[in-house]
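Chain and residue survey
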Amino acid sequence: MNRLTFWRLLPFAVLVVFTAPLLIVLSSLFGDYSENWSHLFQFVLFDYVSSSFILVIGVSILVLILGTVTAWTVTSYNFVGKNIFEWALILPLSIPPYILAYTFTGLFDHYGDANNLARLLLNLQNSTVIFPNVRNIYGAIIVFSFTLYPYVYLVSRSAFINQSRSMKESARMLGLNQFQVFYKLALPLIRPAVIGGLMLVIMETLSDFGAVDHFAIQTFTTGIFRTWYGLYDIQTAMQLASLLLLTVGVFYIAERSTRGSGIYTSNNSTFSPSKEDSLVGYKALTAFLICFIPIFIGFILPIIELILWAYEVNLEFFNQKFISSSINTLSLSLVTGMICAGLALLINFSIRYKPSALVQRFSSLLSIGYAVPGLILAVGMVQLLVYVDALLLSGLDIVITGSLIGLVLAYVIKTYALANSSIESGYERISSSLDDSSKLLGSSGWSMLSSIHVPLLKTSILTSVLLVMSDVVKELPATLILRPFNFETLAVSTYIYASEERMLQAAAPAIAIVLIGLIPIVFLSKMIRSSRPTH
Amino acid sequence: MSNLILEIKNLCHSYSEHALSIENINLEIGSGDRVSILGPSGCGKSTLLRLIAGLEKPDQGEIKINDIKVSDNKNLIPPEKRNIGLVVQEKALFPHLSVFENICFGIKKNKDKDLIASELLNLLKIDSLKNKYPHEISGGEQQRVALARSLAPKPNFLMLDEPFSALDEDLKETLYKDISQVFSDMSSAILLVTHDRNEAEIMTNKQIRMEEGKFL
């Protein structure tokens, strides 16, 4: 194969591998429908649809309120703690919804820590319950909203920053008060950005397995899991997965389309950033609470609970099992990070080196994995590996089903988009004239990649590896299904302990997941600090 | 005319269906010739250089370098195989390499690379910058480094695309003098693209005017 063909074919070859599990899942729609499907259709499918619908609506409303109001508060007002809140408001992103769900039940169950503390402080009887039960759909709405609102916060904040001061001042001169400027002018103007963030939240909500399983809510993901592991019917599980995949596909397309539509912001040379009003007294306290409460519920409270649990078991958690699942997690995430970064580097290079509109269009499809629920990916991957074993490797003495290959491949498909976004933005900063000079001086292809691009993209490559690692560490359903027998990661350990209601033991792996999840938050908070407008 | 280094016949190129950027260009440059193409911004000068360098493919016509056909509408010999030097306005120095490493970039496999680089550093009066990085030196110094880097592989044809336009007038005068001296000591053919008539007259001995993709 000559060099030209290699660089042109690479994105297509990767696309085939990335979409194969999804196509296998979708192909089940055209297969036979078993009795289990009729049973599901008659008795539980409506429950899956209705609870998923209620979850999506509830979470959407709450994240819209939390995300936009906090973003407006930190961009429009100056108050005590504002500089910290600007970046601290994204901290809940480091806590996966299932870990918040575990800590919520630990806090708010009948004999949970919050109820115990309240009874102690108020000198109440043991039968009295202050905080309501959270093991229901409303509890799930709160859990998802307080872990996912940063998606809306991030896009809203950056859109509010880009709104011009003169526009808001004109609105005030025309008779609008501060609140009216927010909901009649500023909010409608950032609608496209907010919708993009909201679509991500909805996709994450529909993809979750750990939190809804813990709260025993019947959704598509729990249904897929039970159909497979309870009824041992992978065909019906795939048919259910297809319905969920098509639903997520709609939100994925909606999210992609909002990227093209511009945010209505001032882009002229006379643009002046919004001026922050200084707040004092009860107004400052209100602004402080608006920002503090989401951080408290979404980050501080679960962290305190996890630390208390870990403290209660002393250092017992630091055992052989914890060390081996930590090593497993770190090695898997590091390998995935390196594969993703390497692929993203090669594909972005191929697009730059041999530009073609077709290749560019197909390459953007490679990021589709981030929208696909881990559970669906796992279902498709198992089938794919079974086919590969049966058709390609049957003559050899090799079986890849149940090995780490499928798990790593699923991780790569799911997290490639993260690596790609980092490498893509790194490439945007390298002038094409450097490539021209390199070619004229005799360095093209691999030589240009290794001697010019890789050294200049060092930071982007490192960032992409870290971003992928922090996401892999959190991934639960794909790991649960695709892991080899007796192979545990931190997420799996947390899930197993929590499902056995051994919360104290679940604390250590959960804390480790949160700590690793803080890595991208550090990068994001740096970006947030550097994006502050100058007056 | 001396030995032909560059021969262009009926060259046409457009970036889109409706915009013809180069129209029926014919040009011959011999060994040691110093030619400039003068014209306003957007007239197609830089596109012509990119076509000669092999960074773009022509729609029609052909380009020969040292009597070898390097481009027509079917075949394209890649830039790295043409032995051509190109210096551009934005210098395009590799930011992660020192001045010395930038100069050696195109002659990595040459066992005399240290000697060649030292000679060029001396010739272009940038010896003291040897270990500095591009961001640590001035625009004029960067342009000298870019020129040294292009000259290191000893191309028999060197192209310069508005190399001095981002520099101030005093600096330009010094560079014209120094670089003209360097050019007069070498046998390479030079093709300069500029919109500055004064620069064209000082640096080259033949000027061609170009407008709207055509030679006048």
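What you are looking at is a predicted structure, and each value in this text was computed from that prediction instead of being measured.

Procedures and definitions
- Residues numbered from 1 in each chain as written.
- Chains lettered and ligands numbered in written order.
- Predicted model: local features only at pLDDT ≥ 70, side-chain atom pairs only at ≥ 80, totals over all residues.
- Heavy atoms only, no water.
- Helix = DSSP H or I, 4+ residues; strand = E, 2+ residues; numbered from the N terminus.
- Buried < 20%, exposed > 50% of the residue type's maximum accessible area, 1.4 Å probe, protein only.
- Contact = heavy atoms within 4.5 Å.
- pLDDT = per-residue confidence, 0-100.
- Axes fitted to C-alpha atoms, helices over the stretch in contact; angles between N-to-C directions.
- Parallel < 35°, antiparallel > 145°, perpendicular 65-115°, else oblique.
- Nonpolar A, V, L, I, M, F, W, Y, C, P; charged D, E, K, R; others polar.
- Core = buried A, V, L, I, M, F, W, Y, C linked by side-chain atoms within 4.5 Å.
- Domains from an automatic or database assignment.
- Patch = residues over 30% accessible without salt bridge, like charges linked within 9 Å, V, L, I, M, F, W, Y side chains within 5 Å.
- Areas by Shrake-Rupley, 256 points an atom, 1.4 Å probe, with all protein chains shown as cover.
- Salt bridge = Lys/Arg side-chain N within 4 Å of Asp/Glu carboxyl O.
- Pairing = 2+ DSSP bridges.
- Left-handed = near helix turned anticlockwise from the far one by under 90°.
- Lys, Arg positive; Asp, Glu negative; His and termini not counted.
- Buried area = accessible area lost by both parts, 1.4 Å probe.
- Polar contact = N/O pair within 3.5 Å; in protein donor to acceptor, adjacent residues only side chain to side chain.

We now examine the environment of Val155(A). Residue and element names in this part refer to chain A. Summarising the element assignment, valine 155 is placed in helix α6 (residues 137-161). By relative accessible area, valine 155 is classed as partly exposed at 27%. Separated by 38 residues in sequence, valine 155 and alanine 193 have C-alpha atoms that sit 5.9 Å apart. Setting aside residues up to four positions removed in sequence, valine 155 forms contacts with Ala193, Val194 and Gly197.

Quick look at the environment of Ile413(A) now. Residues and elements named next belong to chain A. Along the chain, isoleucine 413 falls in helix α17 (residues 404-428). Put simply, isoleucine 413 and glycine 67 are 346 residues apart on the chain and 29 Å apart in space, counted from C-alpha to C-alpha. Once residues lying within four places of it in the same chain are set aside, the contact partners of isoleucine 413 are Val17, Phe18, Pro21, Gly369, Tyr370, Leu377 and Met381.

So, about the confidence of the model for chain A. Here chain A averages 86 in pLDDT, while 93% of its residues score no lower than 70. Counted against residues more than four places away or in other chains, residues 266-270 of chain A, with its pLDDT under 50, gives three contacts.

Next up on the list: the packing of helix α4 (residues 97-108) of chain A against helix α5 (residues 113-122) of chain A. All names here are of chain A. Between α4 and α5, whose axes approach to 4 Å, the crossing angle comes to 25°. Considered as vectors, α4 and α5 are oriented roughly parallel to each other. In contact with Gly106, Leu107 and Phe108 of α4, α5 contributes Asp113, Ala114 and Asn115. Class assignment of the residues belonging to the contact of α4 with α5 gives a composition of three nonpolar, two polar and one charged.

Another point: the confidence of the model for chain B. Of all residues in chain B, 97% attain a pLDDT of 70 or more, and the chain-wide mean is 87. Taking the mean pLDDT of every element in chain B, the minimum, 80, falls on helix α5 (residues 169-184) of chain B and the maximum, 94, on helix α2 (residues 99-104) of chain B.

Further remarks concern the nonpolar core. Ranked by size, the top nonpolar core spans 200 residues in total, and within it Phe79(A), Leu6(B), Ile8(B), Ile52(B), Phe157(B), Met159(B) and Leu191(B) carry the most contacts. Sorting elements by how many residues they give to this core places helix α2 (residues 35-76) of chain A first, with 13 residues. Among the domains, domain 1 (1-31 + 314-535) and domain 2 (57-227 + 279-312) of chain A are the pair contributing at least three residues each to this core. Look past the residues within four positions of Met159(B) in its chain and what remains in contact with it is Leu49(B), Ile52(B), Ala53(B), Ile84(B), Gly85(B), Leu86(B), Val87(B) and Leu191(B). In terms of nonpolar packing, the next biggest core, distinct from the first, is built from 33 residues, Val87(B), Leu93(B), Ile103(B) and Ile179(B) among them.

A grouping of Leu117(A), Leu120(A), Leu121(A), Leu122(A), Leu124(A), Ile130(A) and Phe131(A) is seen on the molecular surface, where their side chains present a nonpolar patch of about 690 Å² in accessible area. The exposure class assigned to Leu117(A) is partly exposed, which follows from its relative accessible area of 48%.

Here we take up the environment of Cys291(A). Residue and element names in this part refer to chain A. Within the secondary structure, cysteine 291 sits in helix α13 (residues 281-312). Sequence separation between cysteine 291 and glutamate 86 is 205 residues, and the spatial gap between their C-alpha atoms is 8.8 Å. The residues contacting cysteine 291, other than those within four sequence positions of it, are Thr70, Thr73, Val74, Phe79, Phe85 and Leu89.

One pass over the structure, following the stated rule, counts 16 salt bridges over all chains. Among the salt bridges present, the one from Lys69(B) reaches Glu62(B), with a minimum N-O distance of 3.6 Å. Relative accessible area serves as the criterion here: at 41%, Lys69(B) is assigned to the partly exposed category. Taken together, the shared-partner salt bridges in this structure form one network comprising Asp109(A), Arg135(A) and Glu501(A).

A word on the sheet that holds strand β6 (residues 84-88) of chain B. All names here are of chain B. The six strands are arranged β6-β7-β8-β3-β9-β10 in an open sheet whose pairing can be described as mixed. The sheet is open, and its two edges are formed by β6 and β10 (214-215), each paired on a single side. Across two bridges, the pairing between strand β9 (residues 206-211) and β10 is antiparallel. Counted as the bridge partner of glutamate 211 is lysine 214 from β10. Against the sheet, α5 touches β3 (34-38), β7 (157-161) and β8 (189-194), its axis set at about 135° to β3.

This brings us to the packing of α2(A) against helix α8 (residues 178-189) of chain A. All names here are of chain A. Two elements in contact, α2 and α8, have axes whose closest approach is 12 Å; the angle formed by their N-to-C orientations is 120°. On the basis of their axis angle, the class for α2 and α8 is oblique. When you trace α2 past α8, the crossing you get is right-handed. Here α2 contributes Thr68, Val69 and Trp72 to the contact with α8, which in turn contributes Gln178, Val181, Phe182, Ala186 and Leu187.

Before going further, it helps to spend a moment on the side chain of Glu199(B). Residues and elements named next belong to chain B. Topologically, glutamate 199 is positioned in helix α6 (residues 197-203). Buried glutamate 199, no salt bridge; nearest opposite-charge side chain is lysine 172, N-O distance 4.8 Å. In this structure glutamate 199 touches Pro163, Phe164, Tyr176, Leu192 and Thr194, once residues within four positions along its chain are discounted.

Our focus in this paragraph is the interface of chain A and chain B. At the interface, 16 residues of chain A touch 18 residues of chain B. When the two sides are added together, the surface that chain A and chain B hide from each other amounts to roughly 1,600 Å², 67% of it contributed by carbon and sulfur. Contact with chain B buries surface across chain A, with Leu434(A), Leu440(A) and Leu441(A) losing the most and accounting together for 41% of the total. Our count for the chain A to chain B interface comes out at five residue pairs in polar contact (both at pLDDT 80 or more). Within the residue set of the side of chain A that touches chain B, elements represented by two or more residues are α18 (432-440) and α19 (446-456) of chain A. Element by element, the count of residues in the side of chain A that touches chain B is highest for α18(A), at seven residues. Of the residues that constitute the side of chain A that touches chain B, the class distribution is six nonpolar, seven polar and three charged.

We now examine the domain arrangement of chain A. Residue and element names in this part refer to chain A. In terms of domains, chain A is made up of domain 1 (1-31 + 314-535) and domain 2 (57-227 + 279-312). Its C-alpha centre places domain 1 at a distance of 28 Å from the equivalent point of domain 2. Counting residues at the interface gives 35 residues for domain 1, matched by 35 residues for domain 2. The contact between domain 1 and domain 2 buries some 3,200 Å² in all, and 73% of this surface belongs to carbon and sulfur atoms. Among the residues domain 1 hides against domain 2, the three largest losses belong to Leu375, Val514 and Ile528. Together they make up 17% of the total. Linking domain 1 with domain 2 are one salt bridge. On inspection of domain 1 and its partner domain 2, the count reaches four residue pairs in polar contact (both at pLDDT 80 or more). Those elements giving two or more residues to the side of domain 1 that touches domain 2 turn out to be α16 (374-391), α20 (458-474), α21 (477-482), α22 (490-499) and α23 (503-530). When residues in the side of domain 1 that touches domain 2 are grouped by element, the largest group, 14 residues, is from α23. In terms of residue class, the side of domain 1 that touches domain 2 is built from 26 nonpolar, five polar and four charged.

Looking now at unusual backbone geometry. Residues and elements named next belong to chain A. A positive phi angle is found at tyrosine 232, which is not glycine, with a value near 55°. Position of tyrosine 232 among the secondary structure elements: in the loop between α11 (220-229) and α12 (234-260). Although it is not a glycine, glutamate 501 adopts a positive phi angle of roughly 60°. Mapping glutamate 501 onto the fold places it in the loop between α22 and α23.

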